[in-house]
Amino acid sequence: MEKFIVIGGKRLKGTIRVSGAKNAILPILAASLLAEGISTVNEVPRLRDVLAMKDVLRYLGAVVSYEGNTIRVDGAKVQSLEIGEDLMRRMRASNLVMGSLLGRFGNIRVAYPGGCAIGSRPMDLHLKGFAALGARITERHGYVIAETDGLRGAEIHMDFPSVGATENLMMAATQARGQTIIRNAAKEPELVDLQNFLNGLGARIRGAGTDLIKIEGPTRLGSANHTVIPDRIEAGTHMVAAAITGGEISVENVIPEHVEAVTAKLREAGAVVEEGEDLVRVIGPSRIKPVDVRTLPYPGFPTDMQAQMMVLMTAAEGTGIVSESVFENRYKHVDELRRMGASIKIEGRVAIVKGIPKLSGTIVEATDLRAGAALVLAGLIAEDATVIENVAHIDRGYENLERKYAALGARIMRVNGI
């Protein structure tokens, strides 16, 4: 098992480039199963989740090549409509192939997906939407089975703006007869990127990025050449790294509008944030002010940045309040931060964080992807060495994180454990 060893106390300074968005490339790869031609996708980050999705596509019969940061997918020979537990449990986003397979073939049989254990993320919204499009849904022995005599357009009102369900329904609806309208849709930038990719293939979708999406179907999908948007959560993590270390980091390949919620909170905490066309420069404050954060669907403060912001509050002069309204079990990092001396009290979905002079390095475990990133940030400011175990979680969403931070002056290295 690989580990990170982080020795804190260094002020990070320099330029760092953001990789392509994990939460954009995964649904785009799933959507490539709808295409009769070849999908070429650029700026693809080399992540564990991307490699897992590549294996899913190949298992289904797609021809996939992955060279540098470009993936090409030829889905012409896709045949298998069943995915077992071994592949599905490797990541949550594997459920995104359901919409594309259902749209293309009319029936699917897939095991329930895996991923980070951060709370309830039920498939109900996905399945309810598929049913509205005309699918007959059954669940047996840990598998979801969907069958249809042909999808038909429908008006779907989502009970919650779920990103994954919105993506799945967009993909399936490209092959449904007539118009599909998705109300209360998720608004995340990754949905706009998926729309752009699908429209590049020949789909007719408009409205992504708003709460009302319209899809005209069915459409024949051919080939496309697409570049993935930058990862806003990676960008936000680097921005917090600058603030927490009192550093000065220019974050390149970022869309400033996508990180506005993080920018606002960092400015409130005392950091200087300057924005360019595709760059954000953050200068950390000499004194971190406490702030209150409540996670919300986009454009609110992202739940994927909650753990990182909590670490920032451990170094603030005062008490900050973090409220998690998206996932009910996303405070697993709190116990690890307490091991480092953090003063954090949990009351339901609210964390009360009292800043302390210094965290103490110790052995901690990355319990999920964003918790792992937060522990790296904690290690950057802790006294002595911090050993972070189970960094495979971090590798699911951050490309070469230790190398990028070492280039900024951090003392961080990856080692093999037992």
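Summing up its helical and strand segments, the chain has 14 helices and 24 strands in all. The globule rule puts the C-alpha radius of gyration for 418 residues at 22 Å, and the 21 Å found for the chain is close to it. Every one of the 418 residues in the chain was classed for burial, and the buried ones make up 58%. Within the chain, residue pairs in contact and separated by at least 24 positions form 72% of the contacts whose partners lie at least 6 positions apart. On the chain, roughly 15,900 Å² of surface is accessible, and the fraction owed to carbon and sulfur atoms is 46%.

In helix packing, the relevant descriptors are the interaxial angle and the interaxial distance, both defined with respect to the helix axes. At a minimum axis distance of 7 Å, the contact between helix α4 (residues 97-105) and helix α6 (residues 163-173) shows a crossing angle of 15°. As summarised for this structure, α4 and α6 are arranged roughly parallel, according to the angle between their axes. Where α4 crosses over α6, the handedness of that crossing is right-handed. For the pair formed by α4 and α6, the contact residues are Met 98, Gly 99, Ser 100 and Gly 103 on the first element and Asn 168, Met 171 and Ala 172 on the second.

Evaluated as defined, the whole model comprises 21 salt bridges. Salt-bridge contacts for Glu 36 lead to Arg 220; the nearest nitrogen and oxygen are separated by 2.9 Å. A residue pair is termed long-range when its members are at least 10 positions apart, and Glu 36 in the loop between α1 (22-31) and β3 (38-42) and Arg 220 in the loop between β13 (212-217) and β14 (224-227) qualify at 184 residues. Looking at Glu 36, the relative accessible area reads 44%, which means it is partly exposed. When salt bridges with common partners are traced through the structure, they connect Glu 2, Arg 48, Asp 395, Glu 402 and Arg 414 into a single cluster.

Let us now look at unusual backbone geometry. Cis geometry is found at the peptide bond from Gly 217 to Pro 218, where omega equals -10°. Within the element layout of this structure, Pro 218 appears in the loop between β13 and β14. With an omega of 15°, the peptide bond running from Tyr 298 to Pro 299 counts as cis. Structurally, Pro 299 can be placed in the loop between β18 (292-294) and α10 (306-314). Even without being glycine, Glu 43 reaches a positive phi, approximately 60°. By the secondary structure assignment, Glu 43 is in the loop between β3 and α2 (48-59).

Another aspect to go through is the sheet that holds strand β10 (residues 155-157). Taking strand neighbours across the sheet as the criterion, the four strands line up as β10-β11-β13-β12 in an open arrangement whose pairing is mixed. Two strands in the sheet have a free side with no partner beyond their single neighbour: β10 and β12 (204-206). Put simply, the sheet's adjacent strands are angled 10° from each other on average, direction ignored. In this sheet, β13 lies alongside strand β11 (residues 178-183) in antiparallel orientation, the contact comprising six bridges. Within the sheet, the bridge partner assigned to Ile 181 lies in β13 and is Lys 214. Strands β10, β11, β12 and β13 of the sheet are contacted by α6, whose axis makes an angle of about 25° with β13.

Taking 1.5 Å as the rise per residue, helix α8 (residues 232-244) with 13 residues should run 18 Å; its terminal C-alpha atoms sit 18 Å apart, in good agreement. For α8, the buried fraction is high: 13 of the 13 residues fall into the buried class. One side-chain oxygen at the N-terminal end of α8 lies 2.9 Å from the backbone nitrogen of Ile 233; it belongs to Asp 231. A positive backbone phi angle near 65° is found at Gly 246, which sits one or two residues after α8.

The next subject is the packing of aromatic side chains. Any pair of aromatic rings gets described here by the distance separating the centres and the angle formed by the planes. Taken as a whole and judged by the stated rule, the model has zero aromatic pairs. Over the ring of Tyr 66 we find Arg 46; its NZ or CZ atom is 3.9 Å from the centre of that ring.

What follows covers the sheet that holds strand β15 (residues 248-252). Judged by pairing direction, the sheet is mixed, and its four strands sit side by side in the order β2-β15-β17-β16 without closing on themselves. Each edge of the open sheet is held by one strand with a lone partner, namely β2 (13-17) and β16 (272-275). Strand-to-strand twist across the sheet, computed as the mean angle between neighbouring axes with direction ignored, equals 15°. Direction of pairing for β15 relative to strand β17 (residues 279-283): antiparallel, over a ladder of five bridges. By the bridge assignment for β17, Val 251 is matched with Val 280.

Conventions used here
- Residues numbered from 1 in each chain as written.
- Predicted model: local features only at pLDDT ≥ 70, side-chain atom pairs only at ≥ 80, totals over all residues.
- Heavy atoms only, no water.
- Helix = DSSP H or I, 4+ residues; strand = E, 2+ residues; numbered from the N terminus.
- Rg over C-alpha atoms; globule rule 2.2 N^0.38 Å.
- Buried < 20%, exposed > 50% of the residue type's maximum accessible area, 1.4 Å probe, protein only.
- Contact = heavy atoms within 4.5 Å.
- Areas by Shrake-Rupley, 256 points an atom, 1.4 Å probe, with all protein chains shown as cover.
- Axes fitted to C-alpha atoms, helices over the stretch in contact; angles between N-to-C directions.
- Parallel < 35°, antiparallel > 145°, perpendicular 65-115°, else oblique.
- Left-handed = near helix turned anticlockwise from the far one by under 90°.
- Salt bridge = Lys/Arg side-chain N within 4 Å of Asp/Glu carboxyl O.
- Pairing = 2+ DSSP bridges.
- Expected span 1.5 Å × (residues − 1).
- Polar contact = N/O pair within 3.5 Å; in protein donor to acceptor, adjacent residues only side chain to side chain.
- Phe/Tyr/Trp six-rings, centres within 6.5 Å; stacked < 30°, edge-to-face > 60°.
- Lys NZ or Arg CZ within 6 Å of the ring centre and 35° of its normal.

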